[in-house]
Amino acid sequence: MSRSASRGRFLGASAASLVAVGALVVATQSPASAANTVSINGGTTYQSIDGFGVSEAFSQANSILNLGSSAQRQALDLLFNTSTGAGFSILRSSIPSGSDSIEPNSPGSPNNTPTYVWNPNSNSTAEGQLWLAKQAKTYGVSNFYNDAWSAPGYMKTNGSNTNGGSLCGTPGASCGSGDWRKAYANYLVQDAKFWASAGVTPSAIGLDNEPTLTTSYDSMLVNTSQAADFLSILGPAMKASGLSTKVACCDTLGFNQLPSYVSAVEGNSTANAGVGLFTSHGYSGAPTSPINSQGRPVWESEWSINGSNWDTAWDDGTADSGYSWAQNIQTGMTGANLNAFLYWWGISSTSHDSSLIGLSGSTLTPSKRFYAFSNFSRFIRPGAVRIGATSGASGLSVSAYRNTDGSVIVVALNSAGSATSATYSVSNTGSSSGTVTPYLTNSGSSTAAQSQISMSGGTFNATVPARSLVTYKIVGGGGQSPSPTPSASNSPSPSASPSSSPSSSPSSSPSSSPSSSPSSSPSSTPGGGSGCTATYTQVGSWPGGFQGGVTVTNNSSSATINSWTVKWNLASGQSISSLWNGSYTVSGSTVTVTNAAYNGTVTPGGNTTFGFTANGNASTPTLSCSAS
C-alpha cells in the first residue's frame, strides 16, 4: 500500500555495499531455428510512452539532499542519468496536507481569504521534493506529477488530514464548517502555481491517494461520485489558472478499482472535460488489460512490494525479485497499454522492498528491481511509440518501441530455463541495416552492455540467456522504406491517447470508443506545393486534445524527393504536444514540419507519414507541402 506507512512501519535492513555490475554475458549471433523468429513491425503502432518514474515522498527526498556531495551525485545519477543510471523521466511528489502544507492554518471559513505559506528558497519546502525536482530537471526531466494524499484536516469531515474522512461538501459529506470543495480546488491550483513560480511546473496534479483506504497517515476517503463531483470544480479551476498542468484521477489502490472512477468521471460532463490523465496503483489489482479512457493516458503511478525485507536478488522466486518486476513492466506495457509505469520509492533510507535502491549511511545499494526498470526506462524515452512485436520463441516475451530519434528498442524477457536464440526481423522502421547493442540484466549482469551485433537486410540473430532480460537498442543505417499510414486498428496512442488499443498482436480489436476512432477519410483538402501533396486525417479526439496524421505524397512520376516540408496554422487555443516521424518548429501560429533523417526520401508516386498530438479543440487545417 501507499507506503507513507513506511515512515515507521517498516524495519530497516542493513544495506550491502554498492551492487557491482556482473560479468558480461555476450548475446550471441548463433543461428536460430526457423520457429524462433521475433518480428518487429514499425507499421503497427500502439500507445505513446510518457515515461517511467519513482517518488521520493515522505522525507526520502531529504535523505538524498542530506548526503555528502559525492554520494548525492551518485544517487541523482542512479535515478536520472540516461547513460549510467535508470534515466527515470517522471518524478511523483506528494502535496503535504499538515503543518508543512501551503495552508497550515484554517482561514475559519471556506469563503474567507486563505493565508498561504511558501518559501521556495528553503530546501525543506515540500519535504525536499522541490529541491529534488530541480535536480531532476538538470538531467532533462520535465514530467512532474504532484499528488495529494489528503486535503488539510479543517476541510474534512473528521477534522484531520489522517485517518480517512471526506472532503466537506462532496456528496454525503456535510460539515458544520461549510462546503470546502472550491477552497480545496484553489489550494491544489495554488500549490501548482507555487511550483511553477519556482521553475518546476507540474505536468499533472492529483486530488487524492488510494481513495478507498483509511490509514493512520495522510489519507482521505473519496468515492466515485465524490471524485466526479470535486473534479467538476477542480478541472475548471485549473484551466482558469493558465497553467499547462493536467488534472489526474484518481490514484486508486489497484486497476480493479480504476474503471469505476473512470466511468463516474465520464458520467459528469464538466469533470470529464477537465480530467486529462487517469492513474492507478498496482496493489489490489495489477495492470494487465487496457482501460477505456476516452483517449487519455493511463499511468501505473505507484506500486512496490511492502514489507521489511531487503531483497536484491534477480531471480529468487519472490515477488520482489528483479525478474518479477521485469514481468510486471512487460505485462503493463503490452497487456494494459500503459503510457507510464512508476515504482513507489526510488531510494529509501530504510532499505526495504518499497524502494529500488537502498541507502545506509552514504552507501547506495541498487537492487535487481532497479536494473529491471533500467532496461526499460533508460532506453524507452518520452515520446516513444510502442510498435508491433511478436515472438515465435517459446518462453520469450518481447515488446518494441520507436524513439523520437529513430532508434528502435526491443525488450526481450526469457522465462525458459535455457538460453533462447532467435532471428529478429525488423520492418517498417526506416532502416534495414545498422548496429544492435544488447544490454543484459540477470543474476550476473546489471543493464550491462554486450558486444554489438550487425543488422543486415532487416534481420539479426541473438541469444537471450536463461531467465534473463535483454534490451536491444537498434540504430539504423538506412535503406528501408518507411511504413504507410497505420490502419485504424493500429493508430498510435498519443500522450493523451487511448489506452484501449490492441494489447499484444496486430490482430487484436481496437477500442470502439467513438472518441478514439480515426476518421474514415481525410478531414482536410490535400495541400499541394512544390513536388508533393500533404493530406491530413484526424485519428482521434478527447476532451482538450486530439491526434492527427499527415501523409506526404510525391506528386512526380519520375523524380525522387530527398526532403520535404509541411506547414499549417494552428487554430486559436491549439498547441502541439508531441510529434513523431518528423521534426517541428512553431513560430506564432505556424507549424513547420520537416522530415526525419530516415523518411526524407520519397520515390515517385510514393508516400510517407508523420503523426502528432495537440492540445485544444480539433479542427481542419489547410496544409502546404514543399519538397526538394
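Everything numeric in this text was worked out from a predicted model, so none of it was measured.

**Points about the overall build of the protein chain**
Stage number 1. Along the backbone of the protein chain there are 9 helices and 29 strands.
Stage number 2. Taking all 628 residues of the protein chain together, 60% fall into the buried category.
Stage number 3. Taking all contacts inside the protein chain whose residues are at least 6 apart in sequence as the whole, residues at least 24 apart take part in 74%.
Stage number 4. Per element, the accessible surface of the protein chain, about 21,000 Å² overall, is 47% carbon and sulfur.

**Details of the environment of Pro-107**
Stage number 1. Mapped onto the secondary structure, Pro-107 falls in the loop between strand E3 (90–95) and helix H3 (129–138).
Stage number 2. Sequence separation between Pro-107 and Tyr-154 is 47 residues; the distance between their C-alpha atoms is 9.2 Å.

**Re the state of the cysteines**
Stage number 1. Using the criterion set out here, one finds 3 disulfides in the structure.
Stage number 2. Bridging Cys-249 to Cys-250, the disulfide has an S-S length of 1.8 Å. Around the S-S axis, the bridge from Cys-249 to Cys-250 shows a dihedral of about -90 degrees and counts as left-handed.
Stage number 3. Given the relative accessible area of 0%, Cys-249 is considered buried.
Stage number 4. Note on Cys-250: relative accessible area 3%, which makes it buried.
Stage number 5. For Cys-532, the disulfide goes to Cys-625, at an S-S distance of 2.0 Å. Measuring the twist about the S-S bond at about -115 degrees, one finds the Cys-532-Cys-625 disulfide to be left-handed. Here the residue Cys-532 occupies a position in strand E22 (residues 532–542), and Cys-625 occupies one in strand E29 (residues 624–627), the gap between them amounting to 93 residues.
Stage number 6. If one numbers only the bonded cysteines of the protein chain, in the order they occur, the disulfide pattern is 1-2, 3-4, 5-6.

**Concerning helix H8 (residues 322–335)**
Stage number 1. In this model H8 runs 19 Å from its N-terminal to its C-terminal C-alpha over 14 residues, within 8% of the 20 Å that 1.5 Å per residue would give.
Stage number 2. Counting buried positions along H8 yields 11 of 14 residues, so the element is predominantly enclosed.
Stage number 3. Residues of H8 that are buried include every one of Gly-322, Tyr-323, Ser-324, Trp-325, Ala-326, Ile-329, Gln-330, Gly-332, Met-333, Thr-334 and Gly-335, and no others.
Stage number 4. Directly beyond the C-terminal end of H8, a positive phi value near 55 degrees is found at Asn-337.

**Side note on the confidence of the model for the protein chain**
Stage number 1. Across the protein chain, the average pLDDT comes to 86, with 85% of residues at 70 or higher.
Stage number 2. Across residues 478–525 the pLDDT falls below 50, and counting only partners more than four positions away or on other chains, this stretch makes 145 contacts in the model.

**What to know about the environment of Gly-573**
Stage number 1. Relative to the helices and strands, Gly-573 resides in the loop between strand E24 (564–569) and strand E25 (575–580).
Stage number 2. The sequence separation of Gly-573 and Ala-614 amounts to 41 residues, and the corresponding C-alpha distance is 10.0 Å.
Stage number 3. Ignoring anything within four residues of it in the chain, the contact list for Gly-573 reads Asn-615 and Gly-616.

**What to know about the nonpolar core**
Stage number 1. Counting residues in hydrophobic clusters, the biggest one holds 109 residues, and the most contacted among them are Phe-88, Tyr-184, Leu-188 and Leu-231.
Stage number 2. Per element, the largest residue contribution to this core is 9 residues, and it comes from helix H4 (residues 181–197).
Stage number 3. Core analysis: the next-biggest nonpolar cluster, separate from the first, contains 24 residues, Ile-387, Leu-396, Ala-462 and Val-464 among them.

**A few points about unusual backbone geometry**
Stage number 1. With an omega of 0 degrees, the peptide bond between Cys-249 and Cys-250 qualifies as cis.
Stage number 2. By the element assignment, Cys-250 lies in strand E6 (residues 246–252).
Stage number 3. Despite not being glycine, Phe-58 has its phi angle at roughly 55 degrees, a positive value.
Stage number 4. With respect to the helices and strands, the residue Phe-58 is situated in the loop between strand E2 (51–55) and helix H1 (60–65).
Stage number 5. Its identity is not glycine, yet Ser-59 carries a phi of approximately 75 degrees, on the positive side.

**Regarding the packing of aromatic side chains**
Stage number 1. The full count for this structure, using the stated rule, is 30 aromatic pairs.
Stage number 2. Measuring from ring centre to ring centre gives 6.1 Å for Trp-303 and Phe-341, while their planes differ by 35 degrees; the resulting arrangement is tilted. Of this pair, Trp-303 sits in the loop between strand E8 (298–302) and H8 while Phe-341 sits in strand E9 (residues 340–348), and the two are 38 residues apart along the sequence.
Stage number 3. One Lys or Arg, Arg-467, reaches over the ring of Tyr-323 and ends 4.0 Å from the middle of that ring.

**Quick look at the pairing of strand E16 (residues 431–441)**
Stage number 1. Burial within E16 is extensive, with 9 of its 11 residues counted as buried.
Stage number 2. Sheet topology places E16 next to strand E18 (residues 453–455); 3 bridges connect them, and they run antiparallel. Bridged to Thr-435 within E18 is Ser-454.
Stage number 3. Strand direction decides the pairing type here: E16 and strand E17 (residues 448–449), joined by 2 bridges, are antiparallel. Residue pairing across strands places Leu-440 opposite Ala-448, the latter belonging to E17.

**What to know about the packing of helix H2 (residues 69–80) against H3**
Stage number 1. At their nearest, the axes of H2 and H3 sit 10 Å apart, and the two run at 65 degrees to each other. Of the possible angle classes, the one that applies to H2 and H3 is roughly perpendicular. Seen along the crossing, H2 lies across H3 with a hand that is right-handed. Listed contacts from H3 to Gln-72, Arg-73, Leu-76 and Phe-80 of H2 are Trp-131, Leu-132, Gln-135 and Ala-136.
Stage number 2. For the contact of H2 with H3, a count of residues per class yields 5 nonpolar, 2 polar and 1 charged.

**Description of the pattern of salt bridges**
Stage number 1. Summed over the entire model, instances satisfying the criterion amount to 7 salt bridges.
Stage number 2. Between Glu-302 and Arg-92 there is a salt bridge; the shortest N-O distance is 2.8 Å. Note that Glu-302 is positioned in strand E8 and Arg-92 in strand E3, a separation of 210 residues in sequence.
Stage number 3. Between Asp-353 and Arg-369 there is a salt bridge, and its shortest N-O distance comes to 3.4 Å. With Asp-353 in the loop between E9 and strand E10 (355–360) and Arg-369 in helix H9 (residues 368–377), this pair connects stretches of sequence that are 16 residues apart.
Stage number 4. When its relative accessible area of 0% is taken as the criterion, Arg-369 is described as buried.
Stage number 5. Overlapping salt bridges, with partners in common, bring together Arg-92, Asp-147, Asp-251 and Glu-302 in one network.

Definitions and limits used
Residues numbered from 1 in each chain as written. Predicted model: local features only at pLDDT ≥ 70, side-chain atom pairs only at ≥ 80, totals over all residues. Heavy atoms only, no water. Helix = DSSP H or I, 4+ residues; strand = E, 2+ residues; numbered from the N terminus. Buried < 20%, exposed > 50% of the residue type's maximum accessible area, 1.4 Å probe, protein only. Contact = heavy atoms within 4.5 Å. Areas by Shrake-Rupley, 256 points an atom, 1.4 Å probe, with all protein chains shown as cover. Disulfide = S-S within 2.5 Å. Expected span 1.5 Å × (residues − 1). pLDDT = per-residue confidence, 0-100. Core = buried A, V, L, I, M, F, W, Y, C linked by side-chain atoms within 4.5 Å. Phe/Tyr/Trp six-rings, centres within 6.5 Å; stacked < 30°, edge-to-face > 60°. Lys NZ or Arg CZ within 6 Å of the ring centre and 35° of its normal. Pairing = 2+ DSSP bridges. Axes fitted to C-alpha atoms, helices over the stretch in contact; angles between N-to-C directions. Parallel < 35°, antiparallel > 145°, perpendicular 65-115°, else oblique. Left-handed = near helix turned anticlockwise from the far one by under 90°. Nonpolar A, V, L, I, M, F, W, Y, C, P; charged D, E, K, R; others polar. Salt bridge = Lys/Arg side-chain N within 4 Å of Asp/Glu carboxyl O.

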